[in-house]
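Structure assessment
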Amino acid sequence: MNNYIANQRTQASKPTESETPEQRQQHQFINSVAKPAVNVYQANHQVLPSIVIAQAIVESNWGHSQLYQEANNPFGIKGSYNGQTKSFPTNEYINGKEERINANFRVYPSLKAAILDHDEVVARQFLPANVTDYHRAATLLQRNGYATDPSYAKKLVNVINTYSLNRFDGY
């Protein structure tokens, strides 16, 4: 398992000819989210790029979710954005039990708009200012109710560690 994780870290850092199609897609997804995440963080210093990228990976299943494909919403943010909303099925933990429900999610015109809105929402509702440690940020997101999954913080930290996403925090 350690060799697998080390291999994933190396491959997430730079593409190689020996990558599988899935690894290539993951590398491309990380890069597609990393660039705007770093740019937004440089401008507003609200949410660490590693957290933004990890949430996009976890919430959108590497960009494969219907929500991301149809609404440019890689974070699973509910509600409406500039009056745009769409209903999608989702799994939520209610009283400790996972249930499938339909919910209205924000529809964004672009990934950058999604990241800007995500950072504003997260900074306003879920993270205090100046959180610069991804472990602490992940824990606070879960504790403050960003997601109902009781393993959410652990999943984010695991993704960040597996793909060395904290390298983007130093931009």
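Everything below is about the structure shown above.
Since the model is a prediction, treat every value here as computed from it, not as a measurement.

**Considerations on the pattern of salt bridges**
Scanning the entire structure with this criterion turns up six salt bridges. A salt bridge links lysine 86 to glutamate 70; the nearest nitrogen and oxygen atoms lie 2.6 Å apart. Pair noted here: lysine 86 is in strand E1 (residues 85-94) and glutamate 70 is in helix H4 (residues 66-71), with a separation of 16 residues, a long-range link. Residue classification places lysine 86 among the partly exposed residues on the basis of a relative accessible area of 35%.

**Some details on the packing of helix H3 (residues 49-60) against helix H7 (residues 152-162)**
Their axes nearest at 9 Å, the elements H3 and H7 cross at an angle of 110°. By the angle between their axes, H3 is roughly perpendicular relative to H7. Judged by the twist between their axes, the crossing of H3 over H7 is right-handed. Contacts from Ser50, Ile51, Ala54, Gln55, Ile57, Val58 and Glu59 in H3 reach Tyr152, Lys155, Leu156, Val159 and Ile160 in H7. Broken down by class, the residue content of the contact of H3 with H7 amounts to eight nonpolar, two polar and two charged.

**Thoughts on the nonpolar core**
Counting 47 residues, the largest nonpolar core has Ile51, Ile53, Tyr146 and Leu165 as the members making the most contacts within it. Those elements giving two or more residues to this core turn out to be helix H2 (21-44), H3, helix H5 (111-125), helix H6 (134-143) and H7. Of all the elements, H2 adds the most residues to this core, at eight residues. Beyond its immediate chain neighbours, meaning those up to four positions away, leucine 165 contacts Ile30, Ser50, Ile53, Ala54, Ile57, Val159 and Ile160. In this structure, Leu67, Ala71, Phe88 and Ala103 belong to the second largest nonpolar core, which totals six residues.

Parameters and conventions
Residues numbered from 1 in each chain as written. Predicted model: local features only at pLDDT ≥ 70, side-chain atom pairs only at ≥ 80, totals over all residues. Heavy atoms only, no water. Salt bridge = Lys/Arg side-chain N within 4 Å of Asp/Glu carboxyl O. Helix = DSSP H or I, 4+ residues; strand = E, 2+ residues; numbered from the N terminus. Buried < 20%, exposed > 50% of the residue type's maximum accessible area, 1.4 Å probe, protein only. Axes fitted to C-alpha atoms, helices over the stretch in contact; angles between N-to-C directions. Parallel < 35°, antiparallel > 145°, perpendicular 65-115°, else oblique. Left-handed = near helix turned anticlockwise from the far one by under 90°. Contact = heavy atoms within 4.5 Å. Nonpolar A, V, L, I, M, F, W, Y, C, P; charged D, E, K, R; others polar. Core = buried A, V, L, I, M, F, W, Y, C linked by side-chain atoms within 4.5 Å.

As far as function goes, none of this settles anything; it's purely spatial.
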